[in-house]
Structure formats: C-alpha cells, structure tokens
Amino acid sequence: MKILIADDSKVMRQIVTRTLRQAGYDGHDIVEAVDGKDAFEKVVAEAPDLVLSDWNMPNMTGIELLDALRGAGNAVRFGFVTSEGSPEMRGRAEASGALFLIAKPFTPEAFRDALDAVLV
Amino acid sequence: MVVKFVPHEKAIRDALSGLLFRDVEIAQGEPVVHSATELATTAVYVDDRTATAAVVIADLPMSAYAGAAIGLIPKGGAEAAIEDRELSPSVKENFDEVLNVLASLFNAEGEPHVRLYQTFGLKELPPNDLIAISRTLGRRSDLKVTVAGYGAGRLSVVLA
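In the annotation of an unreviewed UniProt entry, the entry for chain A reads Two-component system chemotaxis response regulator CheY, and the organism field reads Motilibacter peucedani.

In terms of regular secondary structure, chain A is built from five helices and five strands. Mapped in sequence order, the helices and strands of chain A form the string β-α-β-α-β-α-β-α-β-α. Over its C-alpha trace chain A gives a radius of gyration of 13 Å, about what one expects of a compact globule, namely 14 Å for 120 residues. The C-alpha extent of chain A, read off along each of the three principal axes, is 35 × 30 × 30 Å. Taken across its 120 residues, chain A has 52% of its residues classed as buried. Contacts in chain A between residues far apart in sequence, at least 24 positions, make up 64% of those at least 6 positions apart. Summed over all atoms, the accessible surface of chain A reaches about 5200 Å², with 49% contributed by carbon and sulfur. Averaged over its 13 positive side-chain charges, chain A has a centre that lies 3 Å from the centre of its 19 negative ones.

Looking now at the sheet that holds strand β2 (residues 29-33) of chain A. Residues and elements named next belong to chain A. Pairing is parallel across the open sheet formed by five strands, whose spatial order is β2-β1-β3-β4-β5. Only two strands of the sheet have a single neighbouring strand rather than two, namely β2 and β5 (100-103). Averaged over neighbouring strand pairs, the angle between their axes works out to 20° when direction is ignored. The pairing of strand β1 (residues 2-6) with strand β3 (residues 50-53) spans four bridges and is classified as parallel. Of the residues in β3, the one forming a bridge with I5 is L52.

With that settled, consider the pattern of salt bridges. For the structure shown, the criterion picks out 16 salt bridges over all chains. Between A:D7 and A:K104 there is a salt bridge whose closest N-O contact spans 3.1 Å. Here the residue A:D7 occupies a position in the loop between β1 and α1 (10-22), and A:K104 occupies one in the loop between β5 and α5 (108-118), the gap between them amounting to 97 residues. Judged by its relative accessible area of 3%, A:K104 is buried. B:D96 serves as the salt-bridge partner of B:K92, at 3.0 Å between the closest nitrogen and oxygen. Of the two residues, B:K92 and B:D96 both sit in helix α4 (residues 89-101), four residues apart, roughly one turn of that helix.

Let us now look at the UniProt feature "domain: Response regulatory" (unreviewed entry) in chain A. As recorded in UniProt, the feature "domain: Response regulatory" (unreviewed entry) lies at residues 2-119 of chain A. Secondary structure content for residues 2-119 of chain A is 47% helix and 20% strand, and the end C-alpha separation is 12 Å.

Calculation rules
- Residues numbered from 1 in each chain as written.
- Chains lettered and ligands numbered in written order.
- Predicted model: local features only at pLDDT ≥ 70, side-chain atom pairs only at ≥ 80, totals over all residues.
- Heavy atoms only, no water.
- Helix = DSSP H or I, 4+ residues; strand = E, 2+ residues; numbered from the N terminus.
- Rg over C-alpha atoms; globule rule 2.2 N^0.38 Å.
- Buried < 20%, exposed > 50% of the residue type's maximum accessible area, 1.4 Å probe, protein only.
- Contact = heavy atoms within 4.5 Å.
- Areas by Shrake-Rupley, 256 points an atom, 1.4 Å probe, with all protein chains shown as cover.
- Lys, Arg positive; Asp, Glu negative; His and termini not counted.
- Charge placed at Lys NZ, Arg CZ, Asp CG, Glu CD.
- Pairing = 2+ DSSP bridges.
- Axes fitted to C-alpha atoms, helices over the stretch in contact; angles between N-to-C directions.
- Salt bridge = Lys/Arg side-chain N within 4 Å of Asp/Glu carboxyl O.
- UniProt positions renumbered as here; feature names shortened; annotations may be inferred.

Shown next as structure tokens:
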C-alpha cells in the first residue's frame, strides 16, 4: 500500500513513519509531502491509498487539501494527524470526508485504532 | 478567555514520553528564566485573538535533549550542543516541533483554543512582556524533566 504523509515538520513526518511501523504497518510505500499544495500534487501524481495529513501547514492547510481533493473528484482515504483535536475541528474534518483524526502526541495504539477500522 | 488550568504534570510527562518515544520522568524543579546569562528556548502560545495565553521556557539541556531525542539524534549530539551552548539547526527545528505539539496540553474541553505562535531560540531574548510573564509567581509549573537515555533539563510552563 502507498501512504502519503503530509506535514511541514520533517521530524514529524519521520515520527509518523516510525509510529506506523511500531503500530504494525510495516513495508508500505511512504511518500512525503511538505505542505498541502505539495500533497495535492503528489496525490494526483502518485495515487496513494491513504493520506495522513497535518492540519496547519503553509501554502495549503490540511482541510483545504481535503476539500480540494474532494472538489476534484478524488476519493482517496484521508485522515488527519494533528495537534488540533478540538470537537469543532473533528466535526469539520468529518464533514469534509476525513475518516479519522489522530491527535498529537499520539501512540502506536492510536494509529492502530484509527487505521484498523479503515484499512481492509 | 484565558487558560484556567496549568497542565497537570502527568499530562506533560505523557505528552513528552509519547513524542520522544522514551520514558520521561518529571519532578519539581527550579524556574527557568530566559536571560542573557541563562540560555533557554521560550515558546509563546496564543488564543484565537492572538493574545498570549501561555509561555513555556526550556533551559539549554532540556532544549538539546528533547530536540535530539525526538529526531533520534544520538546523545552525543545533544551533549555537544550543550557544550557549545548552541543548538544545531535540526535540533532547534526538532525542539520547536516538540513545543508545537505541547500546545495540545492547553487544549482541553471548555478551554480556549491555543496554538504555538512563536519561539525564541537560545540567544534570541524574548521581549520584556514575555520575560515578565515568565517571572510570574502564580499559575505555573516548574519541572525537572529527565529524558531516558539522554539527561535532565528544566522546563517551566507559565499561564499568562
């Protein structure tokens, strides 16, 4: 499976990759994007199976990325990994078509709980 | 709307150990005051009106150990930074990300939305109003933080 990780922090992209591995999702093809704009282009070019995106990023935020993808008719599975875990943001993420929102700081268990439900 | 509660020590420990992927011990410590003589990292957190909600100050060892640990940079890298009294760009960037994620400590149910607004590195003295907040006596937590495999530093969390 191909997983795209969008986060403007390099260390956070590494941590998400590491946590995926610790949660048992090993051996997947990982693509990294540095912001929402980069992620949009890479989703179109690389057709990942899943997008794990930060919320606050320069150029294009995570929610703008999700809305742009859905607006372009792209139905890629999409979840947020973000320090913005307020109920309002969860509601907004869900309304735009996100499958889950994992709040930072997270644990491998949080990844398993979110991903086991959507990766079949 | 102001942040009403200083984050609980257990919440701080859990956040740090989750982020750094290693055990973190927390004990009462001495306040950290960022000054020309005491090098530290100061993080400013704001609410949705961009009013200062909280300040977190980390001394040099805390900045170096946590910034190295989160990026899997060996302990020697952190010790060199402490000796040189300067963080490498990657350790600084990493520690800024630790401070970014710590914003979640303030974002409890019923509390205002708080986000990291700015950080001041070791040799960038914050403006006086922030220094004044960092010296406030109440509504604060001063901690000694031990990062397993690295070492101990000090962290102060102060509500505005």
